[in-house]
Amino acid sequence: MNSIPRGTTNTAQMITVFLLSFCQVEAQHCVWYGECGESVKVPGKKYNCKYTGSPIPLQSEGYDLLTELCPGYDYGNRSLCCNVDQLRTLKGSLQLPLQFLSRCPACFFNLMNLFCELTCSPHQSQFMNATKVDNINVLEVQYYIGQTFSNAMYNACRDVQAPSSNVKALSLLCGKDAKDCNATNWIQYMFNIENGQTPFPIIPIFSDVPVSGYTPMNNKTYACTEGLEDGSGPCSCQDCTKACGPKPVPPPLPPPWTILGIDAMTVIMWISYIAFLTGGNVLRLIFSSWGSFCVRHPSVVLLGSLILVVASSGGLVYMRITTDPVDLWSAPTSQARQEKDYFDSHFGPFFRTVQLIITSPLQINFTYSPYFGGSDVPFGAVLDKDILHQVLDLQLDIEGLVATYEGQNVTLKDLCLAPLAPYNNNCTILSVLNYFQNSHAVLDHSIGDDFFVYADFHSHFLYCVSAPASLNDTTLLHDPCLGTFGGPVFPWLALGGYDETNYNNATALVITFPLNNYLNDTVKLGKALAWEKEFISFMKNYKNPNLTVAFSAERSIEDELDRESNSDIRTIVISYAIMFIYISLALGHIHSFNRVMVDSKISLGIAGILIVLSSVASSLGIFSYFGIPLTLIVIEVIPFLVLAVGVDNIFIIVQTYQRDERMPQEELHQQIGRILGDVAPSMFLSSFSETVAFFLGALSNMPAVRTFSLFAGLAVFIDFLLQISCFVSLLGLDAKRQEGNRLDIICCVKLPEGQEAKTESFLFRFFKKVYAPFILKEWVRPIIVAVFVGMLSFSIAVVNKVEIGLDQKLSMPDDSYVLDYFKNLTEYLHTGAPVYFVVEDGLNYSSPEGQNVVCGGVGCNNNSLVQQVYAASLISNYTTIAFTPSSWLDDYFDWVKPQSTCCRYYNNTGTFCNASVVNSSCVHCRPMTPSGKQRPEGDDFMRFLPMFLSDNPNVKCGKGGHAAYATAVDLHPNNTGVGATYFMTYHTILKESPDYIDALKMARILAENISQSMDHKVFAYSVFYVFYEQYLTIAYDTALNLSVSLASIFVVTTVLLGFELWSAVIVSLTIAMILVNMFGVMWLWNISLNAVSLVNLVMCCGISVEFCSHIVRAFSISVKKNRVERAEEALEVNTFFGITLTKFGGILILALSKSQIFQVFYFRMYLAIVLLGATHGLIFLPVLLSYIGPTVNKAKVFAANQRYAGTERERLLNY
């Protein structure tokens, strides 16, 4: 008897073929005995000898072999129709079925039953008919098999898994995908002469009733749910669906919250809206004295400020900028970061990826008609042979790229993942061209004559996509499908744009070059970066009219972010320049054309801007002293923030001075001191509130948010200190210049003396005479309140509908090549990222208890790791787990079985002996005894495990673990035990941020369930988890950060307004409305919630203080008779000149940025912050104060009367 054909892993060799020598014999007679001549069709295989006599007693040397192969079939006196040679051939032929199917004892027993009856049965003549014979050989045979037996054998085997390849075993043993395999075509495939392994045809005939005088072989079978008589248990749930019980049902999605079928939030807010429509002297004295001092001693204040700024900014020499995305988005103490570090330290970092997605603009569609029958198969343009040749040329060109690093040449072979090295140094290339061994010659290989083509690349492709691990296809080509690197190329990794599993309909080819990654080896990492740079340069210059290629390397995203940052510098500089020019010009109050250069305040404006920049530099320097790295968000956002806060304060100080009249007998330093005493408490209120809010924001777990909050809080406070000291001194000097009629900038030039009356600016007069009286009219105020409450109601209704995540496409410039790659990735790819279920160190795999909580075969726990992941894959739409996990433990159990030829060692040295080695000193690892057939335990387990992990798969043993599991098991030093291990599977297709977030969440839930059932720590890890973990808690983080900021603003405002609780409530309420309305804008403008937008929301909280606090404080200290008049007076201290106009021009420039992230998260959000802040501060807040503002504080009225006694103001106050 000879080898059986083998499917994906050379299935054809697993099929035993036999020869019958006559057409009709009497019952109880043989049709063959022994082995004779060489097969004509398959050299190296033998025919069985024609023999029609009675069964012959088996030689004693074959007893153990018969018991091993056919337990329970010793046929009484062991008189059989086979000899020892045939039994040995049977054993050799059944090695691969044994390795893949023995994990389900019932399945393997039934299969052995089929072949034992065929090979050795003394009743052969009852169910076998030799249809072709020659003098001594059987050349063809009919084998009558019961249909009941066939179906039972198939049903017992149909669900058996092949853990290392994440597919069912029948996909590797049936010559086609398991879903297309059935009892009939499986047996026909095993007996098919065209498989290249069967030496002569065996024609199976299926029937449960006698046919042509033959009684079909219909022996007893076992279902996969039954145990065997030798004590073997039922098959596991993973290998036998019927043993699983009911299929797990995902919990139902929570029903949407509705009222009368309408979104509940919308209904509630509409009802609420309709129901609404129908139904400190000490600070002043301190700041006054300080302001007077700064004007009287400007040199001391300016020199002291300069020394402090220079000393603080000196830390910039230690400045570090973090661009590593992992450091930006994941804290070192976060779960994902710790799990990533654990994975990297035990198994090495996840490999670097270089990938191409290739489509064709050609509209070529053709149909392949198989010569040996079958339906026509349509093929798309990318699978045209000419296109494949062109793609192969491109692939070979990339393989040949040579980069230079520090004077050394770097090639792909220096970097690539080669799982079988040093035995096989070929690089892993996941490409459909690897089905053709990356060879033009193999791609062109065909078998045919002058009239017909029997087999070519079409037939080979169709075979390989169903059996990618095959070493020999079953077409006439007999070419291997296994990649040159020694592993399979799964079609879902190499093809894209197909429907279901119709890979022939693919519209895209995917070529992936996995490169080794390095944790702490900067030289090797530098080489990888250099080669990737060369690859990117090559692809940018690659041109082929027949191919459209989207590509990406591991470094691509970081490269494009750097390029984007550099390109945005120009936009940022223009934005700031516009704001600087406006500030410099707007601060001046020009009384007449003749005094333009006297009344302008360009130099003071520039000084104010330098103070803002100095505060930013000081903040960056101080934290750099402490080694805290910066991020791009800090550099891009904080100057904008501090400019907003600082400029507003500058305008308030300058414009208050410009509108003030000096009292009798009052000197300049006393006037400016008095003005500072009036406005500084408000500035201190806003700045201190913002500082506290930002510092509390640093409690966030997100590194980007925490870093921003720290730097922003310190910068805002330093800016305030410089404004009430340095800027006040400069204001005093500028006032003296102006009073001396000296020109701005050229202060040495003096104009002739002339008395100029002070006048009010047009905008000031507009706000005082027109705007304020209008919005506070009796009929206007209800409309304003109704509109703003309506906006709030709408925003609350949609706040839970703002999308969470960050579309990675937004992080790229508009003209980036990576955008095409992202687009094709979403459109064409059919599989998600790999996910690893990591079992941490400490589990005892040498004990049955430790094995049972992990493995997925016979005897394993129903809630073991492998079983739970398998169960999750059954409801992949819910769990996002796509496949059964690859299990090194289950494959090791199959590999080490004594019936297998995989595990052998040299009896003289004890070293491992590969299955392909022919040497008499090689002996089986374990004895053929009942205990030897059990799983290895104790010392036996660790003795043979290193051999398994070093064994390369080959024709005689497809279970070698080197390629699949070399990195999956972290062995203790000197192989004394098993440390951490992983079990890999894949996620389903993930396209958008919510898909990735859901995948992470579901994997963690599954890992937690596994940990509880094992009573041992297991975690799920995938390369993207570290970036998306933030989104699991982003809603909570946002609520916490904003709530803490609002609470701090409330407390600080309460204290600094002299414990006027109601004023603090109004400030906090207005800021909360602005924040809620920001969520409404985010929903309308498709701005997602992520770390960048959270930073902006925290900044919004700070800037909103500027819009609200000054007006509320002005209202609280006003001594007018009623709320409406006090609100009008409060509007005189408005922020329109400061933040609103300053920012508006700068923001509009951001819309011109090439960066999509700038356009979305900076232009849109900044514009919304300024517009919402301005409208709430200048429209809603005065109206709100006119209704429910705090009552007049009599103590403040008395203090004001005392302060202005004997002045013109006393008359106005008493009027």
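Residues numbered from 1 in each chain as written. Predicted model: local features only at pLDDT ≥ 70, side-chain atom pairs only at ≥ 80, totals over all residues. Heavy atoms only, no water.

Stated formally: UniProt positions are given in the numbering used here, feature names are shortened, and annotations may be inferred rather than shown by experiment.
For the protein chain, the name recorded in an unreviewed UniProt entry is Niemann-Pick disease, type C1, with Dicentrarchus labrax as its organism. If you open the UniProt record of the protein chain and go to Catalytic activity (unreviewed entry), you find "cholesterol(in) = cholesterol(out)". Under the UniProt heading Subcellular location (unreviewed entry), the note attached to the protein chain is "Endomembrane system".

## A closer look at the overall build of the protein chain
Note the threshold: Segments assigned H or I by DSSP are reported as helices when at least four residues long, segments assigned E as strands when at least two residues long, and all are numbered from the N terminus. Values of accessible area rely on a 1.4 Å probe in the Shrake-Rupley scheme; residue burial ignores everything except the protein chains shown.
The helix and strand inventory of the protein chain stands at 44 helices and 29 strands. As displayed, the protein chain has an accessible area near 48,200 Å², and 59% of this comes from carbon and sulfur atoms.

## As for unusual backbone geometry
Rules: Accessibility here uses a 1.4 Å probe with only protein chains present; expressed as a share of the type maximum, an area under 20% marks a residue as buried, one over 50% as exposed, and anything in between as partly exposed.
Located in the positive-phi region is N438, a residue other than glycine, with phi close to 55 degrees. Looking at the secondary structure, you find N438 in the loop between β17 (408-411) and α16 (440-444). Assessed through its relative accessible area of 12%, N438 is described here as buried. A positive phi angle, close to 50 degrees, is found at E500, a residue other than glycine. Mapping E500 onto the fold places it in the loop between β20 (495-496) and β21 (508-515).

## Quick notes on the pattern of salt bridges
To be explicit about the condition: The salt bridge criterion pairs a side-chain nitrogen of Lys or Arg with a carboxyl oxygen of Asp or Glu, the two atoms within 4 Å.
Here the structure, examined in full by the defined rule, presents 24 salt bridges. Where D891 meets K959, a salt bridge forms, and the shortest distance between an N and an O atom there is 2.5 Å. Of this pair, D891 sits in helix α32 (residues 888-896) while K959 is found in the loop between α33 (938-950) and α34 (962-965), placing the two residues 68 residues apart along the sequence. Taken individually, D891 and K959 each receive the classification buried, so the pair is uniform in this respect. Among the charged side chains, a network of salt bridges with common partners joins D891, D894, K897 and K959.

## Structural notes on the sheet that holds strand β29 (residues 1018-1021)
Selection criterion: The pairing criterion for strands is at least two bridges between them, as found by DSSP. Only the contacting stretch of a helix is used when fitting its axis, a line to C-alpha atoms as for every element, and angles between N-to-C directions run 0 to 180 degrees. Residue contacts are counted whenever heavy atoms from the two residues lie within 4.5 Å of one another.
With respect to topology, four strands assemble into an open sheet ordered β27-β28-β24-β29, the strand pairing being antiparallel. Each of the sheet's edge strands pairs with one partner strand only, and the pair in question is β27 (969-971) and β29. Geometrically, the sheet is characterised by an average inter-axis angle of 20 degrees between neighbouring strands, direction not taken into account. As judged from the six bridges shared by strand β24 (residues 834-839) and strand β28 (residues 978-986), these two strands associate in the antiparallel manner. Each bridged residue has a counterpart across the sheet, and for V835 the counterpart in β28 is T985. Running at roughly 90 degrees to β29, helix α14 (residues 335-347) makes contact with β24, β27, β28 and β29 of the sheet. Contacting β27 and β28, α33 crosses the sheet at an angle of about 125 degrees to β27.

## Remarks on the sheet that holds strand β22 (residues 548-552)
Spatial ordering of the open sheet is given by β20-β21-β13-β22, a layout of four strands whose pairing is antiparallel. Taken across any chain shown, the strands that pair with only one partner, and hence form the sheet edges, are β20 and β22. Relative to β22, strand β13 (residues 352-359) runs antiparallel, the two being bridged by five bridges. Considered in β22, the bridge of I357 is made with A550. Relative to the sheet, helix α19 (residues 522-540) contacts β13, β21 and β22, its axis offset from that of β13 by approximately 15 degrees.

## Remarks on helix α15 (residues 385-399)
Note that an α-helix has 3.6 residues per turn; residues three or four places apart therefore point the same way. Convention followed: Multiplying 1.5 Å by the helix residue count minus one yields the expected span of that helix.
With 15 residues, α15 should reach 21 Å at 1.5 Å per residue; the first-to-last C-alpha distance of 21 Å fits that figure. Where α15 is concerned, the buried positions are I387, L388, H389, Q390, V391, L392, L394, Q395 and I398. Against β13, α16, α17 (457-466), β21, α19 and β22 lie the buried residues of α15.

## Looking at helix α40 (residues 1123-1130)
Rule in force here: Each direction from the helix axis to a C-beta atom contributes to the arc, which is the arc of those directions. Two N or O atoms form a polar contact when they lie within 3.5 Å of each other; inside protein one atom must be a possible hydrogen donor and the other a possible acceptor, and for residues adjacent in sequence the pair counts only when both atoms belong to side chains.
Among the residues making up α40, those that are buried are R1126, A1127 and A1130. Seen along its axis, α40 keeps its buried residues to an arc of 100 degrees; they face one direction. For α40, the elements touching its buried residues are α39 (1091-1117) and α42 (1156-1188). Sitting at the amino-terminal end of α40 is N1122, which places a side-chain oxygen 3.1 Å from the backbone nitrogen of V1124.

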